Every structure is written in structure tokens, then in C-alpha cells.
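Tertiary structure, described
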Amino acid sequence: MKELRGIPASPGIAVAPAFVLVDDADGSVPDYGIREEDVADEWRRLLAAFERARTEIIELRDKAREEMGEEKGAIFDTHLLMMDDPDVIDKLEASLKDTLRNVEQVILQVERDLVEKLGRLDEAMFRERAADIRDVVSRVLGHLLQKERFRLGDLVDECVIVARDVLPSDLMTMNRKAVKGIVLEAGGKTSHSAILARAFEIPAVLGLGSAAREIRSGTKLAVDGFSGVVTVSPDESSVTAFLSKGARFAARERDLLAVAFLPAETPDGRRVLVKANIEVPDEAEGALRHGADGVGLFRSEFLFLGRAGGPPDEDEQYAAYRRVVETMAGRPVTIRTLDIGGDKALPELAELEERNPLLGWRAIRFCLSRKDVFHAQLRAILRASVHGEVRIMFPMISGAAELDEALDALGEAKDELAAAGLAFDPAVKVGIMIEVPSAAMTADILARHSDFFSIGTNDLIQYSVAVDRGNERVAYLHQPFHPAVLRFVRFTIDSAHAAGIPAGMCGEMASDPYAAALLLGLGLDEFSMSSVSIPEVRRLVRSISMERARALAEEALSLGSPLEIDRLLRERLDPEVGALLR
Ligand code: PEP
Ligand code: MG
């Protein structure tokens, strides 16, 4: 029995035998020299395999579009564009002539070169692109070697997939009844695989690194998608413990869902809203199932990531926003404008190499200097506003001048639509994320120009404690209960209320029930989080009086360290929250 630790990427517990997907580039590909006079035949062999692969990809794309919507199909458009890239074709041809080796080896070499070139991209983008390249290469190799590519759709027995990475096309076509869990060497929370695992509600642990190579097919695994731990060959008593943890979570989910549609109201009558954070339109249905009072954060940049051929145009964006708004059936939907750059690099839009990307040309700064991109998005959001209650939210605002400029751009987008005779809600609410310390400290000023605030603690903690949120070496410093963070949060909420506008939070902190009690006491009006956490926070709100939450918040803010605050909350809230989590 051995424990491997990775990144918890999709919640849930799975116990099943491993199914190890073997890499095509594991050395089993033939390697031989060819004569110069064979080059033309070898090239024809490659083109024929390309043709068969292309037909297959088109079929997959159409299936993905039909079943999962436009943006999932776009993954395969990326693959088609890669195959048609004249640079890639030229490289293959030149390499075939230069090396005089069989085309399978030529392809593997070009794959290695392309992946090496990606090294300049940030980690998440690198993984995504590398997975796409591997997907295409593996498909073409399958046709060249005339061996049937193993299809995850053909899996019959229950299993946990273990692989270096799982290709988007494999995830799209896999038999979801058989796949109980996913364990990958590669990937993080924003990779295609993580997004799709969450969309399919399959427990997943990613980013295990080479540790995953110890796992053999058929070995029993216990995957804990909550803690990110994979237990290899768990003994019988551990399996029983895992299964009962799984059953407890399932029962708790059912139990929690019983309150999902009751108002998030404290016993003494304080009503708050608990909303969902979503990344892709598909997630809106899950948000509803978990009882979301609306979408508090639609991270619109995910419509732009992982696709080739430039950003989605206004009509494509409009269709995506409209779909979410209509699915939410009258509940408010807050669409955050493009939060690109920093840790979410988009090479097509931002080619700049920056020394400090997290402090650089990102989010609203990028949009304000790329008005073409910004206007198209604003028009798309405005057009979607006739289909329900839409709110617009600007990310990374650092001061009033920036906000004024963004509001001017919105005014221009409205004028453009009016001139074109296109309908929109003229009174659409416009708010900002408070995620930069300078914004938190000037919340009283910014409140004069905003209809609402949403505190982004993921970034606010990063910038106020000076800790890169993606660096696991300093992760211990990313502390929501740091007194500095709590003071920023309190000042933001108080400033919002003094100006008569609501204050929400869409950072991870809002989904922690202990923190939620504290935030309730500080007067937070809206909590937004990934859908699975909604029922738990809703129940917490329904179980604690405002009077008690206020006293708790006051006591917590008088303490000097995150540890003391954490201890206080755990001690005081254990009867409610502890019982929920055990
Ligand atoms: C945040 O920073 O807290 C936030 C919600 O935005 P993101 O995680 O997308 O940066
Ligand atoms: Mg942020």
C-alpha cells in the first residue's frame, strides 16, 4: 500500500483497478532507414495516414459539437489546423529527406521539436498545447502502423485511467460509465483534462509527476479527488474506509441537496446569495442542480483559451453568454470580462514576454489597450442581456482611472449597438473585482462608480501577501486568514455598504465553510464558488445566527495570526462545520 500525492482536480472518491494507457512514443514504434528513391512512397504513406486521421477528427469534432457545444468542438478544430499548418508539413518533408528514416520516426522527431518550442509558454498553456500535439501525432501513428487506436469508448469494465496525459478526444469519447477516476502525471486545475473531468463529475488527481509510473494496469487504486491522494493497492480495511468515505460524501451530497433550494438565510433572518463560478457554458446546468442563486463569476477567458485561429468573434461569444443566461432561467449571471495574461497566457493575443506576468499586461489592462477585443466582448455581453439578468464585471481594477476608462468603453459599445439597432439592457449592472490591494484600499472611492463588488481572494491574497498562488513551494503563505487579508475584506465590505452597493466574494475563500461564517459576520452579501460547494455553504448559513457570526468575526479580527484565527473558527464552529466535513 502506497500513497501518491497530486493536485485534487475533480472531487469524489473512486476505488477501481488501474487501466494504464500506454504512450505511443514508448519505443514500440519501428525505426529503420530508407533509400532516397523510397522517399516519395514514404511521403505518400504519410499523406494517406493524414487523410484518414483528418476524416476521423472531423467526425469527432461534429460529435463533440452536437453533444457538448461549440467550444468543445473547437479543440478538434485546433487539431485540424495543426495538421494543415504548412510549416509542420514542410518540416516533416524536410526531415524525411534529411534523415532518411521511416515516417513514423520523422513524425516523432517533429513532435519533440514542436513540444520543445512550447517551452516558452507558461506551464498550463504548455501542457494544453503539448496534449494537442500528442493527440494528433498519436492518431496519425495509429493509422500509419495500421493498428486500431485504443478507444476509451470501448472500455467495458470499471477502471481508473492512469496516463501521462489524457487526450481531449479520448475524454470526449470515453465510456463514462466505466471510467470511475482519472489519475495523470501531467495537468493542473486549468488543463483540458481537469475541466472535462469536472464537467463529467469524475474524481481526478492530476500532476502526480513520475510517481504515476509506478502504477501497473490491474492494480487496485483508491482515488481521493478531495485531498489529491491516490492510494496504490489499498488493503482491505483501507478500501472499506475509502468506500465508506465515498458513501459518506454521497450521502452528505444528497443530504445537502435537500437544502439546495431553500434560501440561504440565517435563523435570525439575514438573507445572502450563494452563486456558482463557471468556466464553460456547460457548467450552468450543474450550477442549477446544486441550487445556485445565479452565476457569480463566469470566467469568460475559458472561451478564448485552448483554441486556434484567434479569439471567438462577437457572435460566437454572444451565443455562449446567451446559453448560460437562458439556462439560468431568470437568475442573475455575472460575466467577467477577459481576464487573460498572467497565469492565463494567450499567445494569439499577448505575445509579449514579460518579466513579471502577474504584475504585467493582463486582464483589464490588456483589454483597455486592445479595444477591438474588448468592444467585441462588451457588445456580445450586452446583446445577451436581453435574455435575462446579466451583469458585467471588470477584473484586476487597480484604481478609479482604469475603471472610468472601462466604463467609457462600455458606453461606446452601447452606442455602437444602439446605432446598429441591436437590443440590450441599458440598465445592465456593472461591478468590479476587488483583487488588487490598491483597489481594496480605495474601495470607498471605487464604490462611487460601481454597482457591486466581488472580492477575488485568490489574487487578493497573492498580491497582498506577495505569494505566487501557483507556486507550491510558498503555498503555505497563501492564507485567507492572514489579518491583512481580513482587513482588506472588511474595508471592502464596509465601503460597499456605505455606498449602498452589495459586496460579494468569488475567490476560493468563499467556499470554505469556516471562512464563510466569518464572512457572513463581516456582512458579505454574496458568496460565489464552484457548484459542488454551494449546498455546504448554504447549509452553514442556515445554521448560524447573524449575531453569532458577527461576534465570531469581531473576535477573529482581534487576533494576530492566521493560525490563531483558524483555531478559533475550528473550535467555535466544530459542531456545525466539523460534523459536515467528517
Ligand atoms: C480571484 O482572483 O479570486 C478570482 C476569483 O479570479 P481568478 O481565480 O479567476 O483569478
Ligand atoms: Mg483573479
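Here, residues in each chain are numbered from 1, in the same order as that chain's written sequence. Lettering for chains starts from A, numbering for ligands starts from 1, and both go in the order in which the items are written. Only residues with pLDDT of at least 70 are given local features in this predicted model, and only at 80 or more are side-chain atom pairs given and counted; all residues enter the totals for whole chains, interfaces and linings. For the side-chain quantities, the full set of heavy atoms in the structure was used; hydrogens and water were omitted.

**Notes on the overall build of the protein chain**
To be explicit about the condition: Secondary structure elements are defined from DSSP: runs of H or I of at least 4 residues count as helices, runs of E of at least 2 residues count as strands, and each element is numbered from the N terminus. Throughout, the radius of gyration refers to the C-alpha atoms, and the reference size of a globule is 2.2 Å times the residue count to the power 0.38. Only protein chains enter the accessibility calculation, which uses a 1.4 Å probe. A residue is then buried if its area is under 20% of the maximum for its type, exposed if over 50%, and partly exposed in between. Note on contacts: a residue pair qualifies if any of its non-hydrogen atoms lie within 4.5 Å across the two residues. Positive charges come from Lys and Arg alone, negative charges from Asp and Glu alone, with His and the N- and C-terminal ends not counted. Charged side chains are reduced to one point each, which is NZ for Lys, CZ for Arg, CG for Asp and CD for Glu.
Secondary structure summary: the protein chain contains 21 helices and 16 strands in total. The C-alpha atoms of the protein chain give a radius of gyration of 25 Å, which matches the 25 Å a tight globule of 582 residues would have. Structurally, the protein chain occupies a C-alpha span of about 85 × 70 × 40 Å along its principal axes. Sorting the 582 residues of the protein chain into buried and exposed places 54% on the buried side. Look at the contacts in the protein chain between residues 6 or more apart in sequence, and 68% of them connect residues 24 or more apart. The distance from the centre of the 72 positive side-chain charges to the centre of the 97 negative ones in the protein chain is 4 Å.

**So, the pattern of salt bridges**
Quick note on the threshold: Just to be clear on terms, a salt bridge is a Lys or Arg side-chain nitrogen sitting within 4 Å of an Asp or Glu carboxyl oxygen.
For the structure shown, the criterion picks out 40 salt bridges. Between arginine 35 and glutamate 37 there is a salt bridge, with the nearest N and O atoms lying 3.8 Å from each other. Note that arginine 572 is salt-bridged to glutamate 555, the shortest N-O span being 2.8 Å. Of this pair, arginine 572 sits in helix H21 (residues 562–581) while glutamate 555 sits in helix H20 (residues 546–557), placing them 17 residues apart in sequence. For arginine 572, a relative accessible area of 38% gives the class partly exposed. Through salt bridges with shared partners, one network takes in Glu301, Arg336, Asp339, Arg362 and Asp459.

**Quick notes on the side chain of lysine 275**
Quick reminder of the rule: Two N or O atoms count as a polar contact when they lie within 3.5 Å, although within protein this holds only if one can serve as hydrogen donor and the other as acceptor, and sequence-adjacent residues are included solely when both atoms are side-chain atoms.
Positionally, lysine 275 belongs in strand S9 (residues 273–278). Judged by its relative accessible area of 0%, lysine 275 falls in the buried class. At a separation of 2.9 Å, a polar atom in the side chain of lysine 275 contacts the side chain of glutamate 526.

**Overview of the packing of aromatic side chains**
As a reminder of what qualifies: Put simply, two rings from Phe, Tyr or Trp (the six-membered ring, in Trp's case) pair if the centres are within 6.5 Å, and we call them stacked under 30 degrees between planes, edge-to-face over 60, tilted for the rest. A ring is considered to have a charge above it if a Lys NZ or an Arg CZ atom is located within 6 Å of its centre and within 35 degrees of its normal.
Across all of its chains, the model carries 4 aromatic pairs by this definition. Between the aromatic rings of phenylalanine 226 and phenylalanine 249, the centroid separation amounts to 4.0 Å while the plane-to-plane angle is 20 degrees, which identifies the pairing as stacked. Taken as a pair, phenylalanine 226 in the loop between strand S7 (220–224) and strand S8 (229–232) and phenylalanine 249 in helix H8 (residues 236–257) lie far apart in primary sequence, 23 residues in all. Among the residues examined, phenylalanine 226 registers a relative accessible area of 34% and is labelled partly exposed. Phenylalanine 249 sits in the buried class, given a relative accessible area of 16%. Sitting above the plane of the phenylalanine 452 ring, arginine 391 keeps its charged end 6.0 Å from the centroid. Arginine 570 extends its terminal NZ or CZ atom over the ring of tyrosine 514, reaching a point 4.3 Å from the ring centre.

**Some remarks on the coordination of the magnesium ion (ligand 2)**
Here is the rule: Donor atoms: N, O and S within 2.8 Å of the metal, or within 3.2 Å for Na, K and Ca. Because water is excluded, sites can look incomplete.
Those donors, Glu435 (OE) and Asp459 (OD), are the protein atoms that reach the magnesium ion (ligand 2), and they lie 2.0 to 2.2 Å from it. One end of the pair, glutamate 435, is in the loop between strand S13 (429–434) and helix H14 (437–441); the other, aspartate 459, is in helix H16 (residues 457–464), and 24 residues separate them in sequence. Accessibility assignment for this pair places glutamate 435 and aspartate 459 in one class, buried.

**What to know about the packing of helix H1 (residues 39–68) against helix H3 (residues 86–99)**
Where we set the bar: Throughout, an axis means a line fitted to C-alpha atoms (over the contacting stretch in the case of helices), and angles, computed between N-to-C directions, take values from 0 to 180 degrees. The cut-offs work like this: below 35 degrees is roughly parallel, past 145 is roughly antiparallel, 65 to 115 is roughly perpendicular, and the gaps in between are oblique. Working rule for handedness: look at the near helix, and if it is turned counterclockwise from the far one by less than a right angle, call the crossing left-handed; if clockwise, right-handed. Just so you know the grouping, Ala, Val, Leu, Ile, Met, Phe, Trp, Tyr, Cys and Pro go in nonpolar, Asp, Glu, Lys and Arg go in charged, and all remaining residues, Gly too, go in polar.
Axis separation between H1 and H3 bottoms out at 10 Å; the angle between their running directions is 150 degrees. Classified by the interaxial angle, the pair formed by H1 and H3 is roughly antiparallel. H1 and H3 meet at a crossing whose hand is right-handed. Facing H1, whose interface residues are Val39, Glu42, Trp43, Leu46 and Phe50, H3 presents Ile89, Leu92, Glu93, Leu96 and Lys97. Looking at side-chain class alone, the contact of H1 with H3 contains 7 nonpolar, no polar and 3 charged residues.

Purely spatial values, then, with no claim about function.
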